Amino acid sequence: MEGLPCLPGNSFRDPTQTNFHVSHTLEVKNGHRVTKWPQVGLGGTRINYNQIGEDELELLRNYRPELTYGKPVVGVPDKFVPATLAFDKKVLRFFGYFKQTVPESPNEFYRVRPVKIFYYLEDDSLEIFEEAQENSGIPQGKLIRRHRFPKNDQGDTYNFRDINLGQNLAVYGKVFRVCDCDAFTREWLESEGIHVKQPELIPRDPYLTKRHQAAELKTYKTKSDFDKLKQYVEMDRKVLRFYAIWDDRAQMFGEQREFIIQYYLVDDTMEVREEHKANDGRDPFPILITRHKIPKDRYDVKGTFPHVFLELSDTEVSQYFKPSDLMIGRTVHIYGRNFLIYDCDMFTKTFYSKNFGVTNFEPVNTEIVRRTHPKMEIPPYNGFGTLEDSMQNCLRLQPDRPKKDYVKLMENDHRILRYEAVLDSPREDDKLRKFVISYHLGDDTISIHEPPQRNSGIIGGRFLERTRVSKPGTSTEYPEYYGPSDFHIGATVEVFRQRFIIRSADLYVLKYAEEHPEQFSPAVLQSLREHLSGESGRPDARLSTDIYVKRKPGDFIRLCAEVRNKLKALRITNHEQIRQMFLRYDRDRNGYVSRDNIVDLFRQINLPLENDIIDAVDNGWRMYNKQ
């Protein structure tokens, strides 16, 4: 077929050929159109003509033949070649990087992003390109498109003379560090008379370095042969029960409380239950810590772990409580509380005996040692005021009034037991003095009155204000006061170091004693009956101190002044008010008030007027009328 002419009908198609692919001569590389010569023919067949490379074409294009013999021919100057044609497809390539700040990240502070800087000689344009990394999450590729980069605010642009190794290239607010270039770029720059500096190493990204190191140090554990299904089948409904206490008495208002710690062997979970007692004053919440896997130290976690959003898992916590950590006598720290295990049940003891070989299960003594609080010491009675008032000053900062038996006071307020007594004194003058001792049954107080005697040289009147008197020899903390049974004929009564001997009593004393025999002893009743039997026949049987004594004119005025002083003590000083009070009982308008009415009058205004004063006033009025 080679000798046949190339005419229609003289060529034959190869019937065995099945590939008819045509090689393409146009490509797009880095965003630019590039042409290339086909290497193979139709369907991959061999091309029969020779192909010349770009270097050979460049040599043939610049070759100027010269004559060896004859007159030399003057060369014609080359035609003007534009830069777009002279520097077509000639690009300077630089390698560099820039740092990107990473705010609010605990793992990295900045990123190192390597880039490639392309300088196109044909139009002095630049382009910055970043290699795409897999799963980086950062938009990569072409960072800055191809154009002339502004150099300053005056409108100048970057030139290839402004770019060299080891210098920074500021473009649109980002600083790119030029570290290296390829061989063509170095050769071309040196051909232009530019000294190319030594290349620098691009620093590695610290976060990627950290990840590579972690990947190298990463260890793999062989899967455990522990069968969870076997644990569930064998350990289901098997629970270890421990009895523990939480002693919080070191804190203010702390106390020792009892708890039950239950360990579930089926899934290694725990729960803490509170053991309530009757009338312990606490709400009936049985569970203190719900059932879950409790870590030994839940705070042993990295500080970068987001506790607010995530819960702890096996990745963060590696150590949980196991049965080997729970023994009698050990203190278990659970969520900030120290639980002392002091005993366990029989199943727990059997489990530890079989699996751990423990034989000593002696419980720990947890009895609370009662503290001995210091006893408050009451200071001794200083003699000022009553004993009850002084005791209130020791018990409270703001003393209260001593409590009184108001029922007894209302029933016996008007009941008074009166006795005649003399002083037990070696002096002869004191032996002639006579006293009236009044015992008030309403509040168990005693008052002593001395009737005035003419030419005795002693001013009579009130000898002792109404008060409670304790017996001699009793302690001030627990005093024993005089009672109705302590007064009988011939008895000696000591009142504030003054000894009185009772010589007589009022008939009302005998009447009251017979009506209330439980308050008097039989000896007291007998002495009162023997002494008062002779005086009971008199219609006006009273104490011997009521004998009409010859008084001088000033005695009645002095007695009136004493009554007036008592009215002043009760703040009753208005004369018109006093006059209206007396007119209410002076029904006949004769200027006199009977004895019974005056007693009722004084009782209504709570005037502590005693019977001996009323008798003295009555006797004085009789003597005044006789005179």
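Residues numbered from 1 in each chain as written. Predicted model: local features only at pLDDT ≥ 70, side-chain atom pairs only at ≥ 80, totals over all residues. Heavy atoms only, no water.

Put simply, the rule is: UniProt positions are given in the numbering used here, feature names are shortened, and annotations may be inferred rather than shown by experiment.
Under an unreviewed UniProt entry, the name given to the protein is EF-hand domain-containing protein 1, and the source organism is Adineta ricciae. Listed under Subcellular location (unreviewed entry) in UniProt, the entry text for the protein is "Cytoplasm, Cytoskeleton, Flagellum axoneme".

**Thoughts on the confidence of the model for the protein**
Formally: pLDDT expresses how confident the predictor is about each individual residue, on a scale running from 0 to 100. Contacts: residue pairs with any heavy atoms within 4.5 Å of one another.
Mean pLDDT over the protein: 81, with 83% of residues reaching 70 or higher. Note on residues 536-552: pLDDT under 50 across the span, and 32 contacts to partners over four residues away in sequence or across chains.

**Overview of unusual backbone geometry**
Heads up, the rule is: Working definition: with a 1.4 Å probe on protein chains only, accessible area under 20% of the residue-type maximum means buried, over 50% means exposed, and in between means partly exposed.
Unlike most non-glycine residues, Lys89 shows phi in positive territory, near 65°. In this structure Lys89 comes out as exposed when scored by relative accessible area, which is 53%.

**Some details on the environment of Arg113**
Rules: Under the DSSP-based scheme used, a helix requires at least four consecutive residues in state H or I and a strand at least two consecutive residues in state E, with every element numbered from the N terminus. Any pair of nitrogen or oxygen atoms within 3.5 Å is treated as a polar contact; in protein, a donor-acceptor pairing is required on top of that, and neighbouring residues in sequence qualify only through side-chain atoms on both sides.
If you trace the backbone, Arg113 turns up in strand E4 (residues 110-120). Distance from Arg113 to Ile202, taken between C-alpha atoms, is 9.4 Å for residues 89 residues apart in sequence. Excluding anything up to four places from it in sequence, Arg113 contacts Gly96, Tyr97, Phe98, Gln100, Glu130, Ile138, Pro139, Gln140 and Leu143. Within the structure, the side chain of Arg113 is placed 2.8 Å from the side chain of Gln100, a separation counted as a polar contact. Polar side-chain contacts of Arg113 include one of 2.8 Å to the side chain of Glu130.

**Some thoughts on the sheet that holds E4**
Stated formally: Any two strands with at least two DSSP-identified bridges between them are counted as paired. Helix axes use the C-alpha atoms of the stretch in contact, all axes being lines fitted to C-alpha atoms, and the angles between their N-to-C directions lie in the range 0 to 180 degrees.
Taken in spatial order, the six strands of this open sheet run E6-E5-E4-E3-E8-E7, and their pairing is antiparallel. With partners counted over all chains shown, the strands left at the sheet margins are strand E6 (141-147) and strand E7 (168-171), one partner each. In this sheet, adjacent strand axes meet at a mean angle of 30° when their direction is disregarded. When strand E3 (residues 91-101) meets strand E8 (residues 174-181), the two strands line up antiparallel, connected through four bridges. The partner of Phe94 across the bridge, within E8, is Cys181. In the packing of helix H3 (residues 183-191) onto the sheet, contacts are made with E3 and E8, and the angle to E3 comes to roughly 110°.

**Some thoughts on the sheet that holds strand E19 (residues 492-495)**
Strand pairing in a sheet relies on backbone hydrogen bonds, with the paired strands running either antiparallel or parallel. Taken in spatial order, the six strands line up as E18-E17-E16-E15-E20-E19 in an open sheet, and their pairing is antiparallel. Both edges of this open sheet fall to strand E18 (461-467) and E19, since each of them pairs with a single strand only. Sheet twist, expressed as the average angle between the axes of neighbouring strands with direction ignored, equals 30°. Bridging between strand E16 (residues 434-440) and strand E17 (residues 445-450) involves five bridges; their strand directions are antiparallel. Residue Ser438 lies in a different strand from E17, and its bridge partner there is Ser447. Against the sheet, helix H10 (residues 507-515) touches strand E15 (416-423) and strand E20 (498-505), its axis set at about 125° to E15.

**Let's talk about a nonpolar patch on the surface**
What counts is decided by this rule: Residues forming no salt bridge and having over 30% relative accessible area are the ones grouped into patches, like charges within 9 Å of each other and nonpolar side chains (Val, Leu, Ile, Met, Phe, Trp, Tyr) within 5 Å. Computed with the Shrake-Rupley method and a 1.4 Å probe, the accessible areas treat only the protein chains shown as cover for residues. Criterion for a salt bridge: a side-chain nitrogen of Lys or Arg within 4 Å of a carboxyl oxygen of Asp or Glu.
A surface patch of nonpolar side chains, about 310 Å² in accessible area, is lined by Phe20, Val22 and Leu42. On the secondary structure map, Val22 appears in the segment before strand E1 (26-29).

**Side note on the side chain of Ser447**
Within the secondary structure layout, Ser447 lies in strand E17. Within the structure, the side chain of Ser447 is placed 3.2 Å from the side chain of His440, a separation counted as a polar contact.

**Things to note about the nonpolar core**
How we decide: The set of buried Ala, Val, Leu, Ile, Met, Phe, Trp, Tyr and Cys residues whose side-chain atoms join them within 4.5 Å is what this entry labels a nonpolar core.
Core analysis: the largest hydrophobic core is formed by 29 residues, its most contacted members being Leu417, Tyr419, Ile437, Ile446, Ile448, Phe487 and Phe500. Of all the elements in the fold, those that place two or more residues in this core are E15, E16, E17, E19, E20, H10 and helix H11 (522-532). In contact with Ile437, other than residues within four places in its own chain, are Leu417, Arg418, Tyr419, Ala421, Ile446, Ser447, Ile448, Phe487 and Phe500. Membership of the second largest hydrophobic core comes to 24 residues, among which are Phe98, Val115, Tyr119 and Ile163.

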